[in-house]
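Residues per chain are reported as follows:
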Amino acid sequence: MARSKPTDSPAPAGNAGRGPAAGRGRSSGAGSSGAGATAVGKSKAAKPAKTGKDGQPKVGRLKKVGNQARLIKQAYTLTSKNDPKLPWLMLIAFVAVAGLVELLAILFDAPFLFLPIAVVLGLLAAMIVFGRRAQGSAYRQVEGQPGAAAWVLEGMRGDWRVSAGVAGTAQLDSVHRVLGRPGVILVAEGSPARVRGLLAQEKKRIARVVGDTPIYDITVGDEEGQVPLRRLSTHVMKLPRNLSAGEVNTLGRRLAALGGPRPPVPGGPLPGGRQMTVSQRQVRRR
């Protein structure tokens, strides 16, 4: 009796009869997950640091406090060397203010309640005394030195655009230009007889550009009609506000065409017996 052949063909042997290898699926999955983790790690590593409005990296609050504390310590060290009375004056201010607050607290029958307030106000009074004495010491150190007025002007708070040394003489007299809401301010330091001519020349030169914008002229010194160096910033900041912020920007672009500082050209003949060129004569006339 003949046997009938099975209609279903047998499954091929070897790798041909197997489906997709499980190992392959797992390895590809693991590879893809590993690649994803690597990509995530790279994206985290490449994440840029946070920057502030000025484009500089942001500094943590604790680091800011530490930097300020170091600056205050350095300022106190430098000031106390030139002002031996500073520690005693700070102590007197602290004790006086804190004692007064505590006396009021005792009158209101709450001495312990007002104790933190007394300490804080006493420290505030001591810091005010320290700031005033440090500022006075700094002014005394730079007073009479060339460029002292420019140093004061550049330290003013607010939108003040200072161009130091826009005119000068070989004797280190100089005129500085300040642009702000009051208008254009010319600040001269040096001999009054020499800076008077510098101020007049610079005022004529600027008037051609600024039109009807107010131009103030200030001479730094202790004589009559002059402004002492220690009061220069206060005097400038008290000037009336005549311009808007947009007008200041427009005026700044006009003044930029005049150029920056112009070093003085000493008088006398040129060394080596050389002749002056036309450009050198023009500079010397200025």
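Residues numbered from 1 in each chain as written. Predicted model: local features only at pLDDT ≥ 70, side-chain atom pairs only at ≥ 80, totals over all residues. Heavy atoms only, no water.

A.B. asks: Please provide a residue-by-residue account of the UniProt feature "transmembrane region" (unreviewed entry) in the protein chain, values included.
C.D. replies: The sites that carry the UniProt feature "transmembrane region" (unreviewed entry) are, in the present numbering, residues 88-107 and 113-131. Secondary structure within residues 88-107 divides into 100% helix and 0% strand; the distance between the first and last C-alpha atoms comes to 28 Å. The span residues 113-131 shows a helical share of 89% and a strand share of 0%, and its end C-alpha atoms are spaced 29 Å apart. (UniProt positions renumbered as here; feature names shortened; annotations may be inferred. Helix = DSSP H or I, 4+ residues; strand = E, 2+ residues; numbered from the N terminus.)

A.B. asks: How would you sum up the pattern of salt bridges? Please name residues and give values.
C.D. replies: Charged atoms that come close allow side chains of opposite charge to pair. By the definition in use, this model includes five salt bridges. E202 is the salt-bridge partner of R205, the closest N and O atoms lying 2.9 Å from each other. Within this pair, R205 and its partner E202 are both found in helix α6 (residues 192-210), separated by three residues, close to a single helical turn. Residues R205 and E202 agree in their burial class; the two are buried. Where D217 meets K203, a salt bridge forms, and the shortest distance between an N and an O atom there is 2.7 Å. Pair noted here: D217 is in strand β4 (residues 215-220) and K203 is in helix α6, with a separation of 14 residues, a long-range link. With a relative accessible area of 40%, D217 lands in the partly exposed category. (Salt bridge = Lys/Arg side-chain N within 4 Å of Asp/Glu carboxyl O. Buried < 20%, exposed > 50% of the residue type's maximum accessible area, 1.4 Å probe, protein only.)

A.B. asks: An account of unusual backbone geometry is requested, with residue identities and associated values reported.
C.D. replies: With phi around 60°, D109 is a residue other than glycine that occupies positive phi space. Positionally, D109 belongs in the loop between α3 (86-107) and α4 (115-142). D109 sits in the exposed class, given a relative accessible area of 67%. With a phi close to 70°, L172 is a non-glycine residue in the positive phi region. Mapped onto the elements, L172 comes out in the loop between β1 (161-168) and β2 (174-180). When its relative accessible area of 57% is taken as the criterion, L172 is described as exposed.

A.B. asks: Provide a residue-level description of the sheet that holds strand β3 (residues 183-189), including the pertinent values.
C.D. replies: Strand pairing in a sheet takes place through backbone hydrogen bonds and is either antiparallel or parallel in direction. The strand order β1-β2-β3-β4 describes an open sheet built from four strands, whose pairing is mixed. Because the sheet does not close on itself, it has two edges, and the strands there are β1 and β4. Between one strand axis and the next, the sheet turns through 25° on average, direction left out of account. Strand direction decides the pairing type here: β3 and β4, joined by six bridges, are parallel. Counted as the bridge partner of A188 is T219 from β4. Running over the sheet, α6 touches β1, β2, β3 and β4 and is turned about 160° from β3. (Pairing = 2+ DSSP bridges. Axes fitted to C-alpha atoms, helices over the stretch in contact; angles between N-to-C directions. Contact = heavy atoms within 4.5 Å.)

A.B. asks: Which residues make up α6, and what are the values?
C.D. replies: Taking 1.5 Å of rise per residue, the 19 residues of α6 would be expected to cover 27 Å, and the 26 Å separating its terminal C-alpha atoms lies within 8% of that figure. Residues of α6 that are buried: V195, L198, L199, E202, R205, I206 and V210. Viewed along the axis of α6, the buried residues span an arc of 140°, placing them on a single side of the element. Projecting away from the buried face of α6 at angles above 90 degrees are the exposed residues A193, R196, K204 and R208. Where α6 terminates, the next one or two residues include G211, which has phi positive at roughly 70°. (Expected span 1.5 Å × (residues − 1). Arc of directions from axis to C-beta.)

A.B. asks: Could you give me a rundown of the side chain of E189, with the residues and numbers involved?
C.D. replies: Position of E189 relative to the elements: it lies in strand β3. The side chain of E189 sits in the buried core without any salt bridge; R194 is the nearest counter-charge, 11 Å away. Polar contacts involving the side chain of E189 include one to the main-chain amide nitrogen of G147, which spans 3.2 Å. For E189, the side chain forms a polar contact with the side chain of H176, separated by 2.7 Å. Those residues in contact with E189 that sit more than four places away from it in its chain are Q145, P146, G147, A148, A149, A150, D173, S174, H176, V195 and V220. (Lys, Arg positive; Asp, Glu negative; His and termini not counted. Polar contact = N/O pair within 3.5 Å; in protein donor to acceptor, adjacent residues only side chain to side chain.)

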